[in-house]
Amino acid sequence: MHQPCPWCHSSDAYSEFEENNEYVKFCFSCRNRESKNMNDVSPEELVIEETQTVHKQRPIIPQTDLDPIIGDYRCLLPKTLEHFGVKRHRNEIVYPYYQYNDRTLIAQKFKFKNPKSSGNLYAWANYHLDSIGFFGQHLFPKGGRKITVTEGENDCMAVFQMQGDWPVVSIKNGAGSVKGLSQRDHEYLNSFDEIVVCFDNDKSGRKAIEDFCTIFAGKCRVVELPSGYKDAHQMLENGLKDKFRQCWFNAKPWSPKNIVYPIDILDEIVTPKEYEILPYPWKGMNDQIFGLHFPEVIVLKAKTKTGKSLWTAFIEDFIIKNTDFKVADITVENTPEERARTLLSVHMKKPLHLKLAKVDIGVNNDDIFRAGREYFTDRRLVLFERDGMTDPRAILDKVRYFVTVLGCKVVIFDHINYLGAYHESDERKSIDEVSNKLADMAKDLRFCLIIVSHVNDEGKTFGSRNLGKAGYTIISLERDNHNPSEYVRNLTKVTIEDSRRYGSRIGRPIYLKYDEESYSLLEIDAEIAEEEINKIGDKELE
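Note that this is a predicted model, so its numbers are computed, not measured.

1. Side note on the overall build of the protein chain
Consideration 1: A count of helices and strands for the protein chain gives 18 helices and 24 strands.
Consideration 2: Counting all 542 residues of the protein chain, 48% fall into the buried class.
Consideration 3: Contacts in the protein chain between residues at least 24 apart in sequence constitute 61% of all its contacts with a sequence separation of at least 6.
Consideration 4: Accessible surface, the protein chain as shown: approximately 27,600 Å² in total, 48% of it carbon and sulfur.

Next up, the structure:
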């Protein structure tokens, strides 16, 4: 068994060992490697490292010189231990490894307590990766109907004890050694009609399943252990022999994780997960797509100066007033003060920005302070201060923090194009990377993400064509802000261009009219709005 890796944080793929007069540090998962000459290792350092190694060479101790284990060992019966040749040497448990074709002892693995913790450490006698087969392999000759493969020696013996006489072996060094199987390992396992894979029920074990089953594609069935149980040995220790046998007999044929058969998800088809749905502030949008969903990725796109930030502010205000959800607002073109003033303007229905120009809007500073204290007091609105942050990974980390730590259900990113402005050498790659990972995060953590993006004169998003693929729902805003008619300048056309859930319902435009006095976006009947636009157009032609 390996140790946790300091590079990739694998739980058991890291080891330290002596090889060709070098002290080697190696991870079987991430493949990182460091080495130095044994002459350069201080005696003090060597003592520390020796207690951590799994490959440190020891002489083989003849099995006849080892002591039998008296009584059960962690629920493994004496007859099971004797069958596999597992014995004791002082305070160490010794697992024997035999020659491929006979019962010649060629290596031993020693398990002992870590003097610095409550865990265990392992060391080898006569470790040679290519010559050592599987643990238990000497008991089960080539060929046969079915063989089970586990991650560890104790799991191997536990499966044998619970299952009876079915062949079962263990890989040598845990999940990290799956990719290091030799040609003889392959030939041995391939001699069986079917391989039942019973690896640990953790992250490294699931990855090892994919690696292992890819090698032996077409032969593997995978045992799915119940939630809360890490491995077969743990199930034996908890008296779950019958439950394990059920899992073993119900092992499903392995297929790559991206392949799904409808029959396997029939329950989800008939009774899908319930999506939380939050209505939009405007009836026309709800008529077409019913509202915001959790999880969902919404891409809001428009030209500059169209009113995207105001549109999202109305969404935020509606959420705050009608739910108990928290909202994270990543608005990179405005300072937190500017964004908070916009949100408070929507709440108070007053254009507070005009006070900066000394315009009398009917409220004084005390009125604004009282309204802000009431509106922001429960801290359900969380703003983002960019402060020069342009690293996509930092943005992703911040979004994850908003959702997992602060509990935000809605995240607004306005606008994603600013990342490209700081990565001009590869603008598309930066935006694509962030949009894809944000979409995956929204799905995994089940929150609603609204991504705002600028478009060019052709209506295409700047810097990336991938945003449309990342979004569940694509919404575009159009406004003729240079039209001589005030009515037209204040009119925004909202079009739902795409919806994965309700594609057949979309396409009808929704019109929102901005009223500065009440700082509102009022929905206008589409026929009336288009009739007014046509009338104004006809007058201009006259």
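Once the structure has been displayed, the description carries forward.
2. As for the packing of helix 10 (residues 308-322) against helix 11 (residues 336-348)
Consideration 1: Packing of helix 10 against helix 11 leaves a shortest axis separation of 9 Å and a crossing angle of 60°. It follows that helix 10 is oblique to helix 11 by the angle criterion. When you trace helix 10 past helix 11, the crossing you get is right-handed. Across the interface between the two elements, S309, L310, T312, A313, F314, E316, D317 and K321 of helix 10 pack against R339, T342, L343, V346 and H347 of helix 11.

3. Describing the sheet that holds strand 20 (residues 448-454)
Consideration 1: Across the sheet, 9 strands lie side by side as 18-17-19-20-16-21-22-23-24; this open sheet has mixed pairing. The strands lining the two open edges of the sheet, one partner per strand, are strand 18 (381-383) and strand 24 (520-524). For this sheet, the mean inter-axis angle between neighbouring strands, taken without regard to orientation, is 20°.
Consideration 2: As paired elements, strand 21 (residues 473-478) and strand 22 (residues 491-499) share 6 bridges and run antiparallel to each other.

4. Focus on the nonpolar core
Consideration 1: Judged by nonpolar contacts, the single largest core of 55 residues is most densely connected at L189, F212 and F244.
Consideration 2: In this view, L189 contacts F134, I147, V149, V169, I195, F212, F216 and K219; residues no more than four positions away in its chain are not counted.
Consideration 3: Formed by 47 residues, the second largest nonpolar core is a distinct cluster that contains I319, F325, V346 and A371.

5. What to know about helix 3 (residues 153-163)
Consideration 1: Taken across its 11 residues, helix 3 has 11 buried, putting it largely inside the fold.
Consideration 2: Inspection of helix 3 places E153, N154, D155, C156, M157, A158, V159, F160, Q161, M162 and Q163 among the buried residues, and these make up the whole buried set.
Consideration 3: Immediately beyond the C-terminal end of helix 3, within one or two residues, lies G164, with a positive phi of roughly 95°.

6. Considering the environment of F135
Consideration 1: As for its placement among the helices and strands, F135 is situated in the loop between strand 8 (120-125) and strand 9 (144-150).
Consideration 2: For F135, a relative accessible area of 0% gives the class buried.
Consideration 3: For the pair formed by F135 and V169, sequence separation is 34 residues and the distance between their alpha carbons is 5.5 Å.
Consideration 4: Contact partners of F135, with chain neighbours within four places excluded, come to F84, V86, Y95, P96, Y97, E153, C156, M157, V168, V169 and S170.

7. Things to note about unusual backbone geometry
Consideration 1: Each neighbour pair has its own omega, and for F294 with P295 the value is 5°, a cis peptide bond.
Consideration 2: Here P295 is to be found in the loop between strand 15 (292-294) and strand 16 (296-302).
Consideration 3: The phi dihedral of R74 falls on the positive side, at around 50°, and the residue is not glycine.
Consideration 4: Positive phi is not limited to glycine here, since R446 has a value of about 60°.
Consideration 5: One can find R446 in the loop between helix 15 (427-445) and strand 20.

8. What to know about a nonpolar patch on the surface
Consideration 1: A cluster of nonpolar residues, I259, V260, Y261, I263, I265, L266, I269 and V270, forms a patch on the protein surface that exposes about 780 Å² of accessible area.
Consideration 2: Position of Y261 among the secondary structure elements: in the loop between strand 13 (252-253) and helix 8 (266-270).

9. Quick notes on the sheet that holds strand 11 (residues 192-198)
Backbone-to-backbone hydrogen bonds pair the strands of a sheet. The strands run either parallel or antiparallel.
Consideration 1: Read across the open sheet, the 5 strands follow the order 10-9-11-12-13; overall the sheet is mixed. Each of the sheet's edge strands pairs with one partner strand only, and the pair in question is strand 10 (168-170) and strand 13.
Consideration 2: Across 2 bridges, strand 12 (residues 220-222) lies against strand 13 in antiparallel orientation. Residue pairing in the sheet places V222 in a bridge with K252 of strand 13.
Consideration 3: Sitting on the sheet, helix 3 is in contact with strand 9 and strand 10, with an inclination near 170° to strand 10.
Consideration 4: Strands in contact with helix 4 (residues 183-190) are strand 9, strand 10 and strand 11; relative to strand 11, the strand with the most contacts, it is inclined by about 110°.

10. Topic: the packing of aromatic side chains
The geometry of an aromatic ring pair is captured by two quantities: the separation of the ring centres and the angle between the planes.
Consideration 1: For the structure on display, the rule yields 18 aromatic pairs.
Consideration 2: Ring centres of Y95 and F135 lie 6.0 Å apart, and the angle between their planes is 85°; this geometry places the pair in the edge-to-face category. Highlighted residues: Y95 in strand 6 (residues 92-98) and F135 in the loop between strand 8 and strand 9, separated in sequence by 40 residues.
Consideration 3: Seen from their ring centres, Y375 and F376 are 5.1 Å apart, and the 55° between their planes marks the pair as tilted.
Consideration 4: Taking relative accessible area as the criterion, Y375 reaches 6% and is therefore assigned buried.
Consideration 5: One aromatic cluster in this structure is built from F84, Y95, Y97, W124, F135, F140 and F160.
Consideration 6: Geometry around W166 places K146 over its ring, the cationic atom sitting 5.4 Å from the centre.
Consideration 7: Taking the ring centre of F325 as reference, the NZ or CZ of K409 above it sits at 5.6 Å.

Conventions we followed
Residues numbered from 1 in each chain as written. Predicted model: local features only at pLDDT ≥ 70, side-chain atom pairs only at ≥ 80, totals over all residues. Heavy atoms only, no water. Helix = DSSP H or I, 4+ residues; strand = E, 2+ residues; numbered from the N terminus. Buried < 20%, exposed > 50% of the residue type's maximum accessible area, 1.4 Å probe, protein only. Contact = heavy atoms within 4.5 Å. Areas by Shrake-Rupley, 256 points an atom, 1.4 Å probe, with all protein chains shown as cover. Axes fitted to C-alpha atoms, helices over the stretch in contact; angles between N-to-C directions. Parallel < 35°, antiparallel > 145°, perpendicular 65-115°, else oblique. Left-handed = near helix turned anticlockwise from the far one by under 90°. Pairing = 2+ DSSP bridges. Core = buried A, V, L, I, M, F, W, Y, C linked by side-chain atoms within 4.5 Å. Patch = residues over 30% accessible without salt bridge, like charges linked within 9 Å, V, L, I, M, F, W, Y side chains within 5 Å. Salt bridge = Lys/Arg side-chain N within 4 Å of Asp/Glu carboxyl O. Phe/Tyr/Trp six-rings, centres within 6.5 Å; stacked < 30°, edge-to-face > 60°. Lys NZ or Arg CZ within 6 Å of the ring centre and 35° of its normal.

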